[in-house]
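Here are the chains, one letter per residue:
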2 protein chains.
Amino acid sequence: MTVFDEEAAQAAQARQAQLTKPPGSLGRLEDLAIFMAGWQGRDRPRLDRVQALVFAGNHGVVAQGITPFPAEVTAAMVQNFQAGGAAINQLCRVAGADLRVVPLDLDRPTADFTQGPALDPAEVREAMTKGADAVDPTADALILGEMGIGNSTVSAALAAATLGGRAEDWVGPGTGAQGEMLAAKTRVVTEGLARHAPSTAAETLAAFGGREQAAICGAILQARALRIPVVLDGFICTAAAAVLTRDDPAALSHCLIGHESAEPGHRRLIAGLAMQPVLSLEMRLGEGSGAAVALLVLRAALECHNGMATFAEAGIG
Amino acid sequence: MTVFDEEAAQAAQARQAQLTKPPGSLGRLEDLAIFMAGWQGRDRPRLDRVQALVFAGNHGVVAQGITPFPAEVTAAMVQNFQAGGAAINQLCRVAGADLRVVPLDLDRPTADFTQGPALDPAEVREAMTKGADAVDPTADALILGEMGIGNSTVSAALAAATLGGRAEDWVGPGTGAQGEMLAAKTRVVTEGLARHAPSTAAETLAAFGGREQAAICGAILQARALRIPVVLDGFICTAAAAVLTRDDPAALSHCLIGHESAEPGHRRLIAGLAMQPVLSLEMRLGEGSGAAVALLVLRAALECHNGMATFAEAGIG
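Residues numbered from 1 in each chain as written. Chains lettered and ligands numbered in written order. Predicted model: local features only at pLDDT ≥ 70, side-chain atom pairs only at ≥ 80, totals over all residues. Heavy atoms only, no water.

Student: Would you mind going over the overall build of chain A with me for this structure?
Tutor: Scanning chain A for helices and strands turns up 14 helices and 6 strands. In terms of C-alpha radius of gyration, chain A reaches 20 Å, essentially the compact-globule figure of 20 Å for 317 residues. Taking the principal axes of the C-alpha coordinates as reference, chain A spans close to 70 × 40 × 35 Å. For chain A, buried positions account for 63% of its 317 residues. Considering only intrachain contacts with a sequence separation of at least 6, the fraction spanning at least 24 residues in chain A is 79%. With the model as given, the accessible surface of chain A reaches about 10,800 Å², and the carbon-plus-sulfur share is 50%. When the 24 basic and 34 acidic side-chain charges of chain A are each reduced to a single mean position, those positions are 2 Å apart. (Helix = DSSP H or I, 4+ residues; strand = E, 2+ residues; numbered from the N terminus. Rg over C-alpha atoms; globule rule 2.2 N^0.38 Å. Buried < 20%, exposed > 50% of the residue type's maximum accessible area, 1.4 Å probe, protein only. Contact = heavy atoms within 4.5 Å. Areas by Shrake-Rupley, 256 points an atom, 1.4 Å probe, with all protein chains shown as cover. Lys, Arg positive; Asp, Glu negative; His and termini not counted. Charge placed at Lys NZ, Arg CZ, Asp CG, Glu CD.)

If you want it as structure tokens, here you go:
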């Protein structure tokens with residue numbers, strides 16, 4: 001597997017120490033520049049071309065009354081993405097990312113995971129391949145997002161299967177479930193966890209779905225092979241990514257978590273992965289929206305890293 | 001005093017509720033759009049023209065051995081700003097702000113506040129007027145920053161005089177003071193607090209200085225009169241701004257705190273002002289750098305607010 005380029009990272013760190021600022025005073029902007037250097041394998045990392053991929057899928061488990069929106073909203077939102085009307089469209093424009101939306105068999109929801117496996121192994125492979133194939137090999141960074149009515153329930157199951165804990169630890173309101181609907185989410189996840197005992201990433205994706213989660217996993221693996229740093233979005237995107245750590249604990253080393261979502265399970269997920277979000281803006285929209293805002297911070301980090309004068313250049317010290 | 005336009009803010013809030021997303025799911029991006037609407041007095045706020053003002057001054061108290069950098073670095077960094085080599089230059093470029101650097105009598109440091117008042121009342125008025133006059137009346141937002149070797153010591157004194165507490169509560173490493181130097185900062189602030197008992201904003205600025213702090217206050221008051229929302233930077237910028245609350249507890253209602261600095265006193269200052277920072281990136285550079293990164297988030301907020309489709313426009317729901 002592609003590894004972090006320590007030499008490029010050390011060269012970037014040495015450059016940071018020479019720039020006209022007290023050492024360390026750019027905080028996480030310095031860390032982000034060094035992270036990008038190590039994964040891109042160049043001491044002056046760049047963001048000339050950034051791709052945003054939003055995968056969309058539908059979920060049989062919505063039949064259990066676990067979401068306030070009907071499944072048709074997934075396709076309607078895909079149309080909204082394609083028409084340029086969603087949050088992610090505006091955020092990709094302002095952050096300078098090329099948005100590609102990949103709907104995955106929206107008219108063919110996964111099976112209800114309380115009744116059996118959500119996907120068969122071939123369907124998992126197909127969705128992972130679609131995710132991998134969607135990655136632009138010339139991208140300097142990849143933003144990942146998703147859309148899928150019901151997928152916060154799926155994500156709670158994926159997170160519990162991967163990191164342990166009870167359904168209650170991972171279930172939250174998602175797009176707005178409360179009261180009985182929230183109780184139904186917890187019940188459904190509890191039933192799913194009792195029914196399935198997957199071990200590998202592929203088995204976990206087959207057990208609970210969905211296609212957009214498998215595509216996210218495929219894209220992350222492909223980006224790793226291509227040395228493309230990845231910015232994950234919120235709870236749903238991170239839960240999908242976390243599944244990969246079942247096969248390799250270091251599978252997400254080239255990934256950043258763009259933001260800490262307001263969805264309660266995200267904080268636990270981030271802690272479980274021992275990662276640190278770039279932003280915390282109480283966002284909980286999905287679509288890659290938090291990752292796109294984080295891309296702005298990455299741009300700020302690289303502008304400083306590449307554009308600042310050194311003390312020697314400025315004749316100081 | 002100019003007040004928040006509740007009508008524009010309510011119109012902005014009503015628009016947020018119609019956009020194609022679960023209600024509230026853009027979190028602080030929604031709050032920021034509504035804040036901007038209220039202060040700009042328009043339901044579709046804009047950021048076509050953003051000004052960044054960086055005020056620079058020198059401080060007699062540096063004679064007390066309270067900073068690892070010599071006072072000459074203030075002028076050298078002003079030159080670096082003017083040559084485009086500093087962090088703030090890169091950040092203003094990426095965030096779309098017009099940077100103006102305003103050096104304030106760099107060859108005439110304030111008096112050492114342990115020996116007497118740092119400035120006389122006329123000097124305070126002069127610096128406040130320079131700050132006010134520097135504000136571009138056509139700006140849609142104003143970013144504030146500062147440069148001044150020794151000014152984290154001055155800021156600790158301003159914060160303690162304004163919000164109470166002991167010197168130890170407000171003194172921190174600044175650009176890198178440790179050990180005896182850190183102890184000297186605390187001693188100097190303790191002596192200053194014992195010597196001076198100012199009540200008003202002007203008296204507080206006269207007691208401790210500095211010129212860049214007075215200019216920040218003048219710029220904030222001018223921006224308020226012009227309905228220009230302000231983004232404050234870190235500890236030093238916020239400590240200067242806080243002084244204005246001595247005259248009017250609501251003096252900073254049109255201001256955001258761009259980020260929570262790694263300088264320990266900033267968290268206490270933010271809490272004392274009952275404000276909430278936009279970002280927390282462990283930055284501690286000053287220059288307006290954290291405020292400029294926050295401007296990127298403001299841009300993201302307004303792009304979503306102004307550019308997203310409503311549910312009706314997208315034919316959803």
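Still more to cover.
Student: Quick question: what am I supposed to make of the nonpolar core here?
Tutor: As a rule of thumb, soluble globular proteins bury nonpolar side chains together. Residues F81 and V293 of chain A together with F81 and V293 of chain B are the most contacted members of the largest nonpolar core, which totals 104 residues. V293 of chain B has contacts with L29, V297 and A300 of chain A together with L91, L279, L281 and M283 of chain B, leaving out every residue within four places of it along the chain. If you look at the next biggest cluster of nonpolar residues, it comprises 62 residues, including V154, A157, A251 and I270 of chain B. (Core = buried A, V, L, I, M, F, W, Y, C linked by side-chain atoms within 4.5 Å.)

Student: Any chance you could explain the side chain of K185 of chain B here in plain terms?
Tutor: Note on placement: K185 of chain B falls in helix α8 (residues 179–195). With sequence-adjacent residues up to four places away left out, K185 of chain B is seen in contact with I66, S152, T153, V171, G172, P173, G174 and A177 of chain B.

Student: Would you mind going over the relation of the copies chain A and chain B with me for this structure?
Tutor: Each of the two copies of the chain can be brought onto the other by a rotation about an axis and a shift along it. Under the fitted operation, chain A is carried onto chain B by 0.0 Å of movement along the axis and a turn of 180 degrees, and the coordinates agree to an RMSD of 0.0 Å. Such values leave the two copies arranged in the relation of a two-fold axis. A share of 98% of interface residues in chain A that are also interface residues in chain B marks the association as one of identical surfaces. (Least-squares fit on C-alpha atoms with pLDDT ≥ 70 in both.)

Student: Explain the domain arrangement of chain A here, please?
Tutor: Many analyses report the size of an interface as the accessible area lost when the parts associate. Residue and element names in this part refer to chain A. Once the domains are mapped, chain A shows domain 1 (6–44 + 304–314) and domain 2 (50–300). Placing the centre of domain 1 and that of domain 2 at their C-alpha centroids yields a distance of 32 Å. On the domain 2 side, the residues contacting the 11 residues of domain 1 number 15 residues. In this assembly, domain 1 and domain 2 are joined by 0 salt bridges. Counting across the interface, domain 1 meets domain 2 through 6 residue pairs in polar contact (both at pLDDT 80 or more). With 8 residues, the top contributor of residues to the side of domain 1 that touches domain 2 is helix α2 (residues 28–40). The class makeup of the residues in the side of domain 1 that touches domain 2 is 6 nonpolar, 3 polar and 2 charged. (Domains from an automatic or database assignment. Salt bridge = Lys/Arg side-chain N within 4 Å of Asp/Glu carboxyl O. Polar contact = N/O pair within 3.5 Å; in protein donor to acceptor, adjacent residues only side chain to side chain. Nonpolar A, V, L, I, M, F, W, Y, C, P; charged D, E, K, R; others polar.)

Student: What's the story with the confidence of the model for chain A in this structure? I'm lost.
Tutor: Should pLDDT be low for a region, the predicted coordinates there are not to be read in detail. Per-residue pLDDT for chain A averages 97, and the proportion of residues at 70 or more is 100%. Among the scores for the predicted complex, ipTM is 0.97 and pTM is 0.98. (pLDDT = per-residue confidence, 0-100.)

Student: Please clarify how the pattern of salt bridges should be interpreted in this entry.
Tutor: Opposite charge on two side chains makes pairing possible when the charged atoms of those side chains draw close. Going through the model one piece at a time under the given rule, you end up with 30 salt bridges over all chains. Between D105 of chain B and R211 of chain B there is a salt bridge, with the nearest N and O atoms lying 3.3 Å from each other. Placement of D105 of chain B in the loop between β2 (98–103) and α5 (121–134) and of R211 of chain B in helix α10 (residues 211–225) is noted, with a sequence separation of 106 residues between them. Residues joined in a network through salt bridges with shared partners are D105, R108, E123, E126, K130 and R211 of chain A.

Student: Sorry, what's going on with the interface of chain A and chain B here?
Tutor: Opposite the 45 residues of chain A that make contact, chain B presents 44 residues. Both faces combined, the contact of chain A with chain B buries some 3,600 Å², and carbon together with sulfur accounts for 70% of it. The interface formed by chain A and chain B includes 2 salt bridges. The salt bridge involving R93 of chain B is made with E303 of chain A; its shortest N-O contact spans 2.6 Å. There are 18 residue pairs in polar contact (both at pLDDT 80 or more) connecting chain A and chain B. (Buried area = accessible area lost by both parts, 1.4 Å probe.)

Student: Would you mind going over the sheet that holds strand β3 (residues 141–147) of chain B with me for this structure?
Tutor: Residues and elements named next belong to chain B. With parallel pairing, 6 strands are arranged side by side in an open sheet as β2-β1-β3-β4-β5-β6. For this open sheet the edge positions go to β2 and β6 (277–279), each flanked by a neighbour on one side alone. For this sheet, the mean angle separating the axes of adjacent strands, direction not counted, is 30 degrees. In this structure, β3 lies alongside strand β4 (residues 230–232), joined through 2 bridges in parallel fashion. Each bridged residue has a counterpart across the sheet, and for I143 the counterpart in β4 is V231. (Pairing = 2+ DSSP bridges. Axes fitted to C-alpha atoms, helices over the stretch in contact; angles between N-to-C directions.)

Student: Looking at this structure, how should I read the side chain of T245 of chain B?
Tutor: Residues and elements named next belong to chain B. Along the chain, T245 turns up in the loop between α11 (235–242) and β5 (255–259). A relative accessible area of 18% means that T245 is categorised as buried. Within the structure, T245 has its side chain in polar contact with the backbone oxygen of A242 (distance 2.6 Å). Beyond its immediate stretch of four places on either side in the chain, T245 contacts T162, A251, L252 and L273.

Student: Can you help me understand the packing of aromatic side chains in this one?
Tutor: The description of an aromatic ring pair uses the distance of the two centres, along with the angle that the planes make with each other. Residues and elements named next belong to chain A. Taken as a whole, this structure holds 4 aromatic pairs over all chains when the rule is applied. Where F4 meets W39, the ring centres are 5.6 Å apart and the plane angle is 65 degrees; that geometry is what we call edge-to-face. Of the two residues, F4 is situated in the segment before α1 (6–18) and W39 in helix α2; the sequence distance between them amounts to 35 residues. For F4, a relative accessible area of 26% gives the class partly exposed. Where F113 meets F208, the ring centres are 5.3 Å apart and the plane angle is 85 degrees; that geometry is what we call edge-to-face. (Phe/Tyr/Trp six-rings, centres within 6.5 Å; stacked < 30°, edge-to-face > 60°.)

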